[in-house]
Amino acid sequence: DAGVIQSPRHEVTEMGQEVTLRCKPISGHNSLFWYRQTMMRGLELLIYFNNNVPIDDSGMPEDRFSAKMPNASFSTLKIQPSEPRDSAVYFCASSLGGGGSEKLFFGSGTQLSVL
Amino acid sequence: DAKTTQPPSMDCAEGRAANLPCNHSTISGNEYVYWYRQIHSQGPQYIIHGLKNNETNEMASLIITEDRKSSTLILPHATLRDTAVYYCIVRDNYGQNFVFGPGTRLSVLP
């Protein structure tokens with residue numbers, strides 16, 4: 001298996017532009033997580049899905065952020081409009097949950113820079 | 001908020017055992033202890049987890065105290081490639097989030 005695949009690896013954009021980050025989870029996994037990492041705040045959970053349904057989005061900073069999971073093999077995190085304070089590394093992770101212990105598998109992340 | 005407390009940093013000599021402590025005094029009966037590590041600029045990587053028994057795999061050993069209020073991750077023969085931030089997380093299996101604290105920055109020195 002190729003693992004969790006995120007795209008793009010790097011994104012540089014200007015303030016006010018729309019940014020879309022993409023994630024393909026490991027085949028067969030039923031939970032998907034979006035995290036953001038900055039030096040100041042560390043790793044923060046933004047939202048997680050179970051069976052394509054958003055379960056907890058309390059970590060989403062504000063209405064400028066939205067996430068979707070239209071099917072079991074794809075998820076997007078959108079920022080519109082983007083701001084310089086959104087600059088961070090965004091990680092997607094997937095797991096096979098639903099009973100028993102659960103392991104998260106992370107992608108390589110998207111480095112976002114908003115100028 | 002993270003339910004664990006870890007030292008911010010530790011050093012270890014190459015080839016020696018690295019013992020990383022974690023306090024989780026409020027852990028409940030159905031919560032597992034998980035360890036992950038993050039090597040610079042990569043996504044966090046699963047290492048090991050346990051409920052109450054000690055666990056060992058090809059990467060590390062996990063020692064959980066009898067009262068389960070603390071645990072130690074042991075890397076038996078640390079190498080330079082083990083330099084990373086190590087995260088200890090407690091989580092049940094009924095929908096709790098994986099909450100990452102600041103972790104311990106382990107530096108393996110030649």
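Here the structure is shown first, and the text comes after it.
Every value quoted in this text rests on a predicted model; they were computed, and no experiment measured them. (Residues numbered from 1 in each chain as written. Chains lettered and ligands numbered in written order. Predicted model: local features only at pLDDT ≥ 70, side-chain atom pairs only at ≥ 80, totals over all residues. Heavy atoms only, no water.)

**Quick notes on the pattern of salt bridges**
Residues and elements named next belong to chain A.
Point 1. Considering all chains together, one arrives at ten salt bridges over all chains under this definition.
Point 2. When the shortest N-O distance is used, the salt bridge between Glu-62 and Arg-85 registers 3.3 Å. Linking Glu-62 in the loop between strand E6 (53–56) and strand E7 (65–71) with Arg-85 in the loop between strand E8 (74–79) and strand E9 (88–95), this pair joins segments that are 23 residues apart in sequence.
Point 3. For Glu-62, a relative accessible area of 28% translates into the label partly exposed.
Point 4. The partner of Arg-64 in a salt bridge is Asp-86, and the shortest N-O contact between them spans 2.7 Å. Note that Arg-64 is positioned in the loop between E6 and E7 and Asp-86 in the loop between E8 and E9, a separation of 22 residues in sequence. Assigned by exposure class, Arg-64 and Asp-86 land together as buried. (Salt bridge = Lys/Arg side-chain N within 4 Å of Asp/Glu carboxyl O. Helix = DSSP H or I, 4+ residues; strand = E, 2+ residues; numbered from the N terminus. Buried < 20%, exposed > 50% of the residue type's maximum accessible area, 1.4 Å probe, protein only.)

**Describing the sheet that holds strand E2 (residues 18–23) of chain B**
All names here are of chain B.
Point 1. Across the sheet, four strands lie side by side as E2-E7-E6-E5; this open sheet has antiparallel pairing. One side of each edge strand has no neighbouring strand; the edge strands of this open sheet are E2 and strand E5 (55–56).
Point 2. Across four bridges, the pairing between strand E6 (residues 61–64) and strand E7 (residues 70–75) is antiparallel. Looking at E7, one finds that Ile-63 is bridged to Thr-72. (Pairing = 2+ DSSP bridges.)

**Observations concerning the layout of surface pockets**
Point 1. Of the volumes computed, that of the largest pocket is approximately 680 Å³.
Point 2. Taken together, 26 residues line the largest pocket, and the ones lying closest to its centre are A:Gln37, A:Met39, B:Gln38, B:His40 and B:Arg105.
Point 3. Elements supplying a minimum of two residues to the lining of the largest pocket: strand E4 (31–38), E9 and strand E11 (110–114) of chain A together with strand E8 (84–91) of chain B.
Point 4. Here the lining of the largest pocket gets three residues from one element, more than from any other, and that element is E8(B).
Point 5. When its residues are assigned to classes, the lining of the largest pocket shows nine nonpolar, 14 polar and three charged. (1 Å grid on protein atoms, 1.4 Å probe; cavity = no way out; pocket = protein on both sides within 12 Å on 5 of 7 lines; lining within 4 Å. Points joined across faces, edges and corners; volume = space filled by probe spheres on them. Nonpolar A, V, L, I, M, F, W, Y, C, P; charged D, E, K, R; others polar.)

**Brief notes about the state of the cysteines**
Point 1. Under the defined criterion, the tally for this structure stands at two disulfides over all chains.
Point 2. Here A:Cys23 is linked by a disulfide to A:Cys92, with a sulfur-sulfur distance of 1.9 Å. Taking the sign of the S-S torsion, about -65° here, the bridge from A:Cys23 to A:Cys92 comes out left-handed. Linking A:Cys23 in strand E3 (residues 19–24) with A:Cys92 in strand E9, this pair joins segments that are 69 residues apart in sequence. For the pair shown, A:Cys23 and A:Cys92 are each scored as buried.
Point 3. What pairs with B:Cys22 in a disulfide is B:Cys88, and their sulfur atoms sit 2.1 Å apart. One disulfide, between B:Cys22 and B:Cys88, carries an S-S torsion of -85° and so falls in the left-handed class. With B:Cys22 in strand E2 and B:Cys88 in strand E8, this residue pair connects regions lying 66 residues apart in the sequence.
Point 4. Among the residues examined, B:Cys88 registers a relative accessible area of 1% and is labelled buried.
Point 5. In this structure B:Cys12 is a free cysteine whose sulfur lies 18 Å from that of B:Cys22, the closest cysteine sulfur available. (Disulfide = S-S within 2.5 Å.)

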